[in-house]
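# A closer look at the structure
Below are the chains, spelled out letter by letter.
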Amino acid sequence: MTMYYTLVASLPALPRSFDAGPSPITASTLHHRLSILTDDDRRIVGQLSHFFRWDRQPIGRTDAEVIAMHRRLNHEIGNPLVRRLIEHRFEMRTLVAAVRCQREGKSLPELPELPVSDLIRRHWNQPGFRMSSRYQWLVRFCHALDENRAQQAQRHLFDELWSLWSRLDQQYHFTFESIILYVARWEILQRWASQNTELGEQRFDALVDRILGEACLEI
Amino acid sequence: MMESPFWDMMGMAGIYAPLALGAIGSIMGCSAGGQAACGAMLDVESGYGRLVGLSALPSSQTIYGIVVMLSLNRTIDIGNAPGLFAIGTMCGVALWFSGWYQGKCCASAIHATKSKPEVFGLAAAPAAIVEGFAVFAFIFALILAGSLPVATGGV
């Protein structure tokens, strides 16, 4: 097993929560630091980043395209942790899509080959597909949708991902898995920051203040 | 020197094992700590010296190995070769593992200190505890080495 003491120690600590502040490292710096990885490991991180890029594009994708992507990734990805992260993300996407279809009164959508898909089919007519105790975030997500608070619903999704990935990270020390989980959580930070206009305004104000402060000092 | 080449070899292996295995432990430990220190230096603006200092903690296993080797060094015969082998090898293995795992502790301490400099002392405590076990192995190897028979005409 390759140990990445230098790389892991060079990455700044991520905040406790994805909404606790700005990302501690820019995309270009992270990309530069990841160049330490071996070729095989860099390829795996590339697969994960590619999936996240795909996952970011929100709408206009058919169920069949999502299912085809799921099949292709299942076939291509060999790393167990990356596979686990992607399966978990697909599971969440599937549940979210099914909840939306159910609330809009649509028929059962086409679902990818996941254990959760069978449960959705079996309990399609019941609220939360009788999975509220297993997926507690689903209850909070539905409440946010009831209150028409889309950003809050998104926060619950990210919160679930962040908590799970942070818990997983505690199992690994200076290994490649630590890097994978860092990149995955950094992606959540980026996504949340890009969706959060309030945070964007704060960041913009802080940058303007800093630049003006530097200009005053020079004068 | 004794007549059996096998026991001659075992005795010599026992004498040299603490140094060789202790050095392997130091190499592995200092390497882990040193790599973590180099990485942390990319992310901090000051306090480089203490990061490097922490990464050098596993060097002590080699020093303990040298002292045990010198205390075991004597003319080998059939009466002391098994004892030399047993004490030297077991002490060496203990030094090897303590150096290796101390390095991991140092790497974690460096990682923690980087984000929270005020925990430097506490973060180094686990590495110091691992060092304590190496000291036990070292001291008791010296005590037991004193009880080994000296070959006729030996040191």
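All values reported here derive from a predicted model rather than from experimental measurement.

## Let's talk about the overall build of chain B
Scanning chain B for helices and strands turns up five helices and zero strands. Listed by position from the N terminus, the elements making up chain B come as α-α-α-α-α. The dimensions of chain B, computed from C-alpha atoms along their principal axes, are 60 × 25 × 20 Å. Relative to its 155 residues, chain B shows a buried fraction of 43%. Counting every atom, chain B has about 7400 Å² of accessible surface; 75% of that belongs to carbon and sulfur. On chain B, the mean spot of the 5 positive side-chain charges and the mean spot of the 7 negative ones are 14 Å from each other.

## What about the interface of chain B and chain A?
In this assembly, 14 residues from chain B lie in contact with 11 residues from chain A. Each partner contributes to the roughly 1000 Å² buried at the junction of chain B and chain A, and carbon and sulfur atoms together form 59% of this total. Per-residue buried area on chain B facing chain A is highest for Gln35(B), Leu42(B) and His111(B); these three make up 37% of the total on that side. Across the contact surface, chain B and chain A share zero salt bridges. Counting across the chain B and chain A interface gives four residue pairs in polar contact (both at pLDDT 80 or more). Broken down by secondary-structure element, the contributors of at least two residues to the side of chain B that touches chain A are helix H1 (5-41) and helix H4 (81-115) of chain B. Here the residues of the side of chain B that touches chain A are counted per class, giving six nonpolar, five polar and three charged.

## Re the state of the cysteines
Evaluated as defined, the whole model comprises zero disulfides over all chains. Summary of cysteine pairing: Cys91(B) is not part of a disulfide, and the nearest cysteine sulfur, belonging to Cys30(B), is at 17 Å.

## Concerning unusual backbone geometry
All names here are of chain A. The backbone of phenylalanine 129 sits at a positive phi, close to 55°, despite the residue not being glycine. The residue phenylalanine 129 is located in the loop between helix H6 (115-122) and helix H7 (136-146) in this model. Since its relative accessible area comes to 0%, phenylalanine 129 is described here as buried. Unlike most non-glycine residues, arginine 130 shows phi in positive territory, near 55°.

## So, a nonpolar patch on the surface
Residues and elements named next belong to chain B. Taken together, the side chains of Ile129, Phe133, Phe136, Ile139, Phe140 and Ile143 define a hydrophobic patch exposed on the protein surface, amounting to about 640 Å² of accessible area. Assignment of secondary structure puts isoleucine 129 in helix H5 (residues 120-146). Its relative accessible area of 54% is what places isoleucine 129 among the exposed residues.

## Here we look at the pattern of salt bridges
Pairing between side chains of opposite charge can happen when the charged atoms of each approach one another. Residues and elements named next belong to chain A. Following the criterion strictly, the structure yields 15 salt bridges over all chains and no others. One salt bridge in this structure joins aspartate 19 and arginine 155, with 2.2 Å as the shortest N-O distance. Within this pair, whereas aspartate 19 is found in the loop between helix H1 (5-10) and helix H2 (27-33), its partner arginine 155 is found in helix H8 (residues 150-169), the two being separated by 136 residues in sequence. Aspartate 19 sits in the partly exposed class, given a relative accessible area of 29%. The partly exposed category is assigned to arginine 155, whose relative accessible area is 27%. Ionic contacts of the salt-bridge type, sharing partners, join the residues Asp55, Arg56, Arg89, Arg93, Glu187 and Arg191 into one network.

What counts and what doesn't
- Residues numbered from 1 in each chain as written.
- Chains lettered and ligands numbered in written order.
- Predicted model: local features only at pLDDT ≥ 70, side-chain atom pairs only at ≥ 80, totals over all residues.
- Heavy atoms only, no water.
- Helix = DSSP H or I, 4+ residues; strand = E, 2+ residues; numbered from the N terminus.
- Buried < 20%, exposed > 50% of the residue type's maximum accessible area, 1.4 Å probe, protein only.
- Areas by Shrake-Rupley, 256 points an atom, 1.4 Å probe, with all protein chains shown as cover.
- Lys, Arg positive; Asp, Glu negative; His and termini not counted.
- Charge placed at Lys NZ, Arg CZ, Asp CG, Glu CD.
- Contact = heavy atoms within 4.5 Å.
- Buried area = accessible area lost by both parts, 1.4 Å probe.
- Salt bridge = Lys/Arg side-chain N within 4 Å of Asp/Glu carboxyl O.
- Polar contact = N/O pair within 3.5 Å; in protein donor to acceptor, adjacent residues only side chain to side chain.
- Nonpolar A, V, L, I, M, F, W, Y, C, P; charged D, E, K, R; others polar.
- Disulfide = S-S within 2.5 Å.
- Patch = residues over 30% accessible without salt bridge, like charges linked within 9 Å, V, L, I, M, F, W, Y side chains within 5 Å.

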